[in-house]
Amino acid sequence: MTQRDEVEPGDRSPMCEDLPARPWTRREALGAGVGAISLAVIGCARLPPVREVPSQDGAVSLALADYPELQKPGGVLPVRPAGAKKPVMIVRGEGEQFSAFSLKCTHLGCTVGWNEAARSFDCPCHGSRFEIDGTVKKGPAKRPLTAYAVSSDGATLRFSIT
């Protein structure tokens, strides 16, 4: 009978006791740290479900009554206009002010997520953070998110991604 056969379930393996504990290598510690930070960033910054919306030659027209997310100030709505490669985030400001931003990070083109707690756009690839108005809060991105001109008559919201 071998030593392995003599171990009862729940007992610690005598083989493990013979192994000396070793400190982590610098590479293992760095990898664990990067992994933990990545999980935190990914967990905090994600997009609500992106809604597919029709567009004609890049022009988008949305009936505000159909989008409860935009009914009150501070509301955000990620949409993907037909034919667009990256989603667009529509943000409702005070009163009847609306903004629309491409969710393509200006650093290397990753899709940024929405961090509801910080009210910011966060890039999961390299850690760039953008304010709710699209300006850079934290690099490595140097340029703001691409903004699209938005108009609203109180019932319909219009913008163009071309």
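Residues numbered from 1 in each chain as written. Predicted model: local features only at pLDDT ≥ 70, side-chain atom pairs only at ≥ 80, totals over all residues. Heavy atoms only, no water.

This part covers the pattern of salt bridges. Evaluation of the coordinates by the stated rule reveals six salt bridges. In this structure, arginine 92 and glutamate 96 form a salt bridge, with 3.0 Å as the shortest nitrogen-oxygen distance. Residue arginine 92 is classed as buried on the basis of its relative accessible area, which comes to 10%. (Salt bridge = Lys/Arg side-chain N within 4 Å of Asp/Glu carboxyl O. Buried < 20%, exposed > 50% of the residue type's maximum accessible area, 1.4 Å probe, protein only.)

Here we come to the sheet that holds strand 6 (residues 113–115). Strand order in this open sheet of four strands is 6-7-8-9, and the pairing throughout is antiparallel. Of all strands in the sheet, those bounded by a partner on one side alone are strand 6 and strand 9 (136–138). Direction of pairing for strand 8 (residues 129–130) relative to strand 9: antiparallel, over a ladder of two bridges. Residue arginine 129 lies in a different strand from strand 9, and its bridge partner there is lysine 138. (Pairing = 2+ DSSP bridges. Helix = DSSP H or I, 4+ residues; strand = E, 2+ residues; numbered from the N terminus.)

Here we come to the packing of aromatic side chains. Taken as a whole, this structure holds three aromatic pairs when the rule is applied. What links up through ring pairs into an aromatic cluster is the set Phe101, Trp114 and Phe121. (Phe/Tyr/Trp six-rings, centres within 6.5 Å; stacked < 30°, edge-to-face > 60°.)

Attention now goes to the side chain of threonine 106. As for its placement among the helices and strands, threonine 106 is situated in the loop between strand 5 (98–102) and strand 6. On the basis of relative accessible area, threonine 106 is assigned to the buried category, the value being 12%. Within the local environment of threonine 106, its side chain forms a polar contact with the backbone oxygen of arginine 143, the two atoms lying 2.5 Å apart. Ignoring any residue separated from it by four or fewer positions in sequence, one finds threonine 106 in contact with Phe130, Ala141, Arg143, Pro144 and Leu145. (Polar contact = N/O pair within 3.5 Å; in protein donor to acceptor, adjacent residues only side chain to side chain. Contact = heavy atoms within 4.5 Å.)

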